Amino acid sequence: MSLALDAAAQDLLFREARTANTFTDEPVTDEQMQAIYDLVKYGPTAFNQTPLRITLVRSPEARERLVKHMAEGNAAKTSTAPLVAILSADNEFHEEFETLLPHFPQVKDMFFSERPVREGSALLNAALQAAYFIVGVRAAGLAAGPMTGADLAGIQKEFLDDDHTPLMIVNIGKPGEDAWFPRNPRLSYDEVVTTV
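The rules we used
Counting from 1, residues in each chain are numbered in the order their sequence is written. With pLDDT at 70 or above as the cut-off, local features in this predicted model cover only qualifying residues; side-chain atom pairs require 80 or more to be listed or tallied, and sums for whole chains, interfaces and linings still use all residues. Note that the side-chain values use all heavy atoms of the structure and ignore hydrogens as well as water. Residues belong to a common nonpolar core when they are buried Ala, Val, Leu, Ile, Met, Phe, Trp, Tyr or Cys residues joined through side-chain atoms within 4.5 Å. When accessible area is computed with a 1.4 Å probe and restricted to protein chains, residues below 20% of their type maximum are described as buried, those above 50% as exposed, and intermediate ones as partly exposed. Numbering goes from the N terminus for both helices and strands, where a helix is a DSSP run of H or I of at least four residues and a strand is a run of E of at least two. Here, two residues are considered to be in contact whenever any of their heavy atoms come within 4.5 Å of each other. A cavity, in this analysis, means grid points on a 1 Å lattice covering only the protein atoms where a 1.4 Å probe fits yet has no way out; a pocket is instead an open set bounded by protein on both sides within 12 Å along at least five of seven lines, and a residue lines either one if it has an atom within 4 Å of a point. Grid points are joined across faces, edges and corners, and a volume is the space filled by probe spheres set on the points. By this definition, two strands are paired if DSSP reports at least two bridges between them. Only the stretch in contact is used when fitting a helix axis, every axis being a line fitted to C-alpha atoms; angles between N-to-C directions are given from 0 to 180 degrees.

Asks: Requested: an account of the nonpolar core, with residues and values cited.
Replies: In this structure, M33, I36, L87, F133, V137, V170 and I172 are the most contacted members of the largest nonpolar core, which totals 26 residues. Put simply, the parts of the chain that give this core at least two residues each are α2 (30-40), β2 (83-90), α7 (115-139) and β4 (164-173). With 6 residues, α7 is the largest single contributor of residues to this core. Residue contacts for I36: discarding those within four places in its chain leaves F133, G136, V137, A140 and L142. Of all hydrophobic cores here, the second largest spans 17 residues; its members include F23, L66, M70 and F159.

Quick look at the structure:
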């Protein structure tokens, strides 16, 4: 059975796409980032919540502040990527239900009145959105280098507030020389899928 996407699109988004470790110095524009967001905002979430927040780190001063929080193996590539995004979960996402779920705005108080419930939901749904964001970066012909190897608490204090939980840092750009590590194995269908 064939997929709806042609083989070139499948390669671009999945089979040939990998985490980039080096990048060229070609800039990533605001227009590219707008196009990526306008594509990936349609990814599914529970109750149409949109807890993902994207902080683009463009200025040299902000980059320097971010790099000091990166793990040793991630600092160099974060300092040289054309663009870096901090992806975080907004734990106060429920305030947007009047706009995002106009036929059922009472969901805000029915399910999300307690902060621990919101934090769990924000984490799960922002992670879903982050995955779509990575695929969107690939769809733009760019490479993504998502990383969690960082002092996320330090990044929260440096760039965010108590209502935003950092999820990951994503380096973005055209892949540079020796950008890829060898492809690691993946589990087979039979190892993952069970039919009941």
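Asks: Residue-level account of unusual backbone geometry, with values.
Replies: Non-glycine residue F47 carries a positive phi angle of around 55°. When its relative accessible area of 33% is taken as the criterion, F47 is described as partly exposed. Its identity is not glycine, yet D178 carries a phi of approximately 50°, on the positive side.

Asks: Give me the lowdown on the environment of V67, citing residues and values where you can.
Replies: With respect to the helices, strands and loops of the structure, V67 is situated in helix α3 (residues 60-67). A C-alpha to C-alpha distance of 8.9 Å links V67 and A150, two positions 83 residues apart in sequence. Apart from the residues lying within four places of it in its own chain, the contact partners of V67 are A75, T78 and S79.

Asks: Before we move on, could you go through the layout of surface pockets and cite the residues and values that matter?
Replies: Approximately 280 Å³ is the volume found for the largest pocket. Along its surface, the largest pocket is lined by 13 residues, and A17, R18, T19, R183 and R186 are the ones closest to its centre.

Asks: Let's hear about the sheet that holds strand β3 (residues 143-147): which residues, and what values?
Replies: Taken together, 4 strands build an open sheet; the order of strands is β1-β2-β4-β3 and the sheet is antiparallel. Only two strands of the sheet have a single neighbouring strand rather than two, namely β1 (52-57) and β3. Strand-to-strand twist across the sheet, computed as the mean angle between neighbouring axes with direction ignored, equals 30°. Bridging between β1 and β2 involves 6 bridges; their strand directions are antiparallel. Bridging across to β2, T55 finds its partner in I86. Strands β1, β2 and β4 of the sheet are contacted by α3, whose axis makes an angle of about 65° with β2.

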